[in-house]
Each structure stands twice: as C-alpha cells, then as structure tokens.
Amino acid sequence: MVQNEIKMRKPKSRELIHALVQDWRLYVLLLPVVLWFALWAYKPMGGLLIAFKRYDSSLGIWMSEFKGIDNFVNLVAGVNKEQFWQAFRNTFVINAYSLVFGFPVPIILAVLFSEIGNGFVRKATQTATYLPHFLSEVTITGITIMLVYSGVHSTGVLAALFQNMGWLEEGVSMLSKANYFRPLYIAVGIWKESGYSSIVYFAAIKVDGANKLQELRYVTFPGMAPTLIIMIIMRIGNMLSIGYERVLLMYNSNVYVTADVLSTFEQRIGILSANYGMGASVSLFNSLIAFALVIGANSISRNISDTSLW
C-alpha cells in the first residue's frame, strides 16, 4: 500500500515540475511580488515581539525585558484606556460612516459612466474623477483647508457658504469644531477615491439589450454582485484601519474627541512618548481585530452566497 502511495505521488510531483518549467515566465513575473511581501509584510512581523516586552533600544528586541500581556492590559484598562477607547470608537465610527456613505458612490459613478454614450465625454469625465486619487494627502488636505478656512483676512468657499446658510459662525474655522471633523474627513475621502474605485465596478458591468431599469436590475447589478461582495469583505477588514496622514494634517487638540484614531494614537504614544511596547500592542490589537472581521465576513458571505475570498 505504501508503494502504491509513492507511485501516486510521483506523477503529481512530475506534473508540478512540468507546470513550473512550462510556465516559468509567469513565476518570474510573480517573483517581485513575492519578494515585496516577504520583505515588507512578513519580515517586519518580528517587530511585534516589542508588544510583549519593555523595549529598550540599547538592548534590542531580544534582550529587552519580557512583560507578557502587561502592555495590552495597560492599553485597555490602564492609564491610557480613555484615550485608547476614544481612538478605537472614532476609528470604527469614521470607517462605518465611510462604508455607508462612501461605498455606494463608486458604484453609482460606474453606472453613470456606462450610460454615457459619447466615448470622448466618458473618458474625459472618468479622467476628471480619477485625478484626485493621484494627488498626495498633503495636496488634498491643503486644498480642503483653503476651502473651509475662516479667518479675518480670507474665508474659504465652503466656509462662506456655510456661514451664509447659518451653519457656521463667522470667523470660526470648521477644523476647530469637533462635530465638523468626521463629515469633512469622509467627504474628502469620497472626493479623493470614489472616481478611481469606480474602475473595478465599471469593468464588472455587462451591457445587454433591455430598458434601463431592467438592465440595472437584471444585468448590471447581478453582474457586479461578486465584485461588490469581495470589496465589502475587504472594506470590513479595514474597519479599524485609517491612514494617519490626512488625520494628522487636519486635526488639532480641539477635535481630538472625534478625530483621534488608532493610527494617530499609536504614533503619539509609541513614537512621540517613546513607549514602543504600547505602540506595538496597539498595532497588534488592531491587526487581530481586522483578521477576525475578515474571517467573519468571509464566512457569512460563503454561507449566504457563492462568492468569498477563499
């Protein structure tokens, strides 16, 4: 019986070698991606040991004192617990609002683009909506600040509009009001990324003979469904991930209550306060929650539909 198993394994191994040799060009093209993930995604995971140690830069990671889960206990129930849970809540709320209000916008744009009959007009419109994606966060935030700035010598267009509508007091900056930060942050994100994100959905649209409502109901949205499910699963996995660049450029101490997120809290306590173990524990905590969210969302999708990541 053992001999039979060996005989059965040999053809499989030969088939694998044959496939590798036959398609070696594809694997060579894949090699840079594998190296990138190995160097920038997996190799840095060794630094997560800092989360379990009282890190001392003079001793290094391995020689620093081991603290077990003390950093995590201090994080969720210690001196910094109020700041941590505030940042946790803000991160989740901002991402939830971004999912509710921002996720449909690229889909709507893709449908609108598919309805533009003139090829030149469609390409020009798409290019205009793609452009903000290629601008840096500094540029986007600088434009936003100019639009919402309200001061003695000048007032931004949006600030002036809100003042005329009675939504904003004259001379008061929107960036100094905590209740304005989340809507402003989400609106900027939609403006910056919705056009570029519509590419995925535009590619999934299938055109067939029917009136517009029938086409949307029976052709367009069913054809986009697998893509929608995959993108939702990926967005759910990022529910606790917000890039700190735009937040750092937009927020100040007046709006911490609604603006401070996990990434800025991690930067402030881990780097500025030199508490590297606590900062690493925030990162690891965030990653574990994100991993659990992806597993849960993928399991639900696999049980209720035929589409899942794995």
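Residues numbered from 1 in each chain as written. Predicted model: local features only at pLDDT ≥ 70, side-chain atom pairs only at ≥ 80, totals over all residues. Heavy atoms only, no water.

What about the overall build of the protein chain?
Phase 1 of the analysis: For the protein chain, the helix and strand inventory stands at 15 helices and two strands.
Phase 2 of the analysis: Against the compact-globule benchmark of 19 Å for 310 residues, the protein chain has a radius of gyration of 25 Å, which places it well outside the compact range.
Phase 3 of the analysis: Counting across all 310 residues of the protein chain, residues that qualify as buried make up 33%.
Phase 4 of the analysis: Partitioning the intrachain contacts of the protein chain with sequence separation of at least 6 by distance along the chain shows that 62% fall at a separation of at least 24.
Phase 5 of the analysis: Carbon and sulfur atoms make up 66% of the accessible area of the protein chain, which totals about 19400 Å².
Phase 6 of the analysis: Each charge sign in the protein chain was given a centre, from 24 positive and 18 negative side chains, and these centres are 8 Å apart. (Helix = DSSP H or I, 4+ residues; strand = E, 2+ residues; numbered from the N terminus. Rg over C-alpha atoms; globule rule 2.2 N^0.38 Å. Buried < 20%, exposed > 50% of the residue type's maximum accessible area, 1.4 Å probe, protein only. Contact = heavy atoms within 4.5 Å. Areas by Shrake-Rupley, 256 points an atom, 1.4 Å probe, with all protein chains shown as cover. Lys, Arg positive; Asp, Glu negative; His and termini not counted. Charge placed at Lys NZ, Arg CZ, Asp CG, Glu CD.)

Remarks on the environment of Tyr180
Phase 1 of the analysis: Looking at where Tyr180 falls in the secondary structure, it is placed in helix H10 (residues 178-204).
Phase 2 of the analysis: As for Tyr180 and Val148, which are separated by 32 residues in sequence, their C-alpha atoms are 10 Å apart.

Details of the nonpolar core
Phase 1 of the analysis: Counting 21 residues, the largest nonpolar core has Ile94, Leu168, Phe181, Tyr185 and Val247 as the members making the most contacts within it.
Phase 2 of the analysis: Broken down by element, the residue count for this core peaks at six residues, all from H10.
Phase 3 of the analysis: Other than its neighbours up to four places away in sequence, Ile94 contacts Phe181, Arg182, Tyr185, Ile186, Ile242, Thr258 and Val261. (Core = buried A, V, L, I, M, F, W, Y, C linked by side-chain atoms within 4.5 Å.)

Some remarks on the pattern of salt bridges
Phase 1 of the analysis: Following the criterion strictly, the structure yields four salt bridges and no others.
Phase 2 of the analysis: Glu65 is the salt-bridge partner of Arg54, the closest N and O atoms lying 3.1 Å from each other. Within this pair, whereas Arg54 is found in strand E1 (residues 53-54), its partner Glu65 is found in strand E2 (residues 65-66), the two being separated by eleven residues in sequence.
Phase 3 of the analysis: Here Arg268 and Asp260 are joined by a salt bridge, their closest N and O atoms 2.7 Å apart. (Salt bridge = Lys/Arg side-chain N within 4 Å of Asp/Glu carboxyl O.)

Overview of the packing of helix H8 (residues 137-148) against H10
Phase 1 of the analysis: In contact at an axis separation of 11 Å, H8 and H10 are set at 125 degrees when each is read in the N-to-C sense. The angle between H8 and H10 falls in the class oblique. Here H8 runs over H10; the crossing is right-handed. Where H8 abuts H10, its residues Glu137, Ile140, Ile143, Thr144 and Val148 lie against Leu184, Val188, Trp191 and Lys192.
Phase 2 of the analysis: Across the contact of H8 with H10, the residue classes tally to six nonpolar, one polar and two charged. (Axes fitted to C-alpha atoms, helices over the stretch in contact; angles between N-to-C directions. Parallel < 35°, antiparallel > 145°, perpendicular 65-115°, else oblique. Left-handed = near helix turned anticlockwise from the far one by under 90°. Nonpolar A, V, L, I, M, F, W, Y, C, P; charged D, E, K, R; others polar.)

So, the packing of aromatic side chains
Phase 1 of the analysis: Per the stated rule, a full pass over the model turns up 15 aromatic pairs.
Phase 2 of the analysis: Both rings, one in Phe84 and one in Trp85, keep their centres 4.9 Å apart while their planes meet at 70 degrees; by these two values the pair is edge-to-face.
Phase 3 of the analysis: Residue class for Phe84 comes out buried when judged on its relative accessible area of 0%.
Phase 4 of the analysis: Exposure remark for Trp85: the relative accessible area of 37% places this residue in the partly exposed category.
Phase 5 of the analysis: These aromatic residues form a ring-pair network of at least three members: Phe84, Trp85, Phe88, Phe265 and Phe285.
Phase 6 of the analysis: Arg246 extends its terminal NZ or CZ atom over the ring of Tyr185, reaching a point 4.7 Å from the ring centre. (Phe/Tyr/Trp six-rings, centres within 6.5 Å; stacked < 30°, edge-to-face > 60°. Lys NZ or Arg CZ within 6 Å of the ring centre and 35° of its normal.)

So, unusual backbone geometry
Phase 1 of the analysis: Despite not being glycine, Ala274 shows a phi value in the positive range, around 60 degrees.
Phase 2 of the analysis: Mapped onto the fold, Ala274 is located in the loop between helix H14 (262-272) and helix H15 (276-304).

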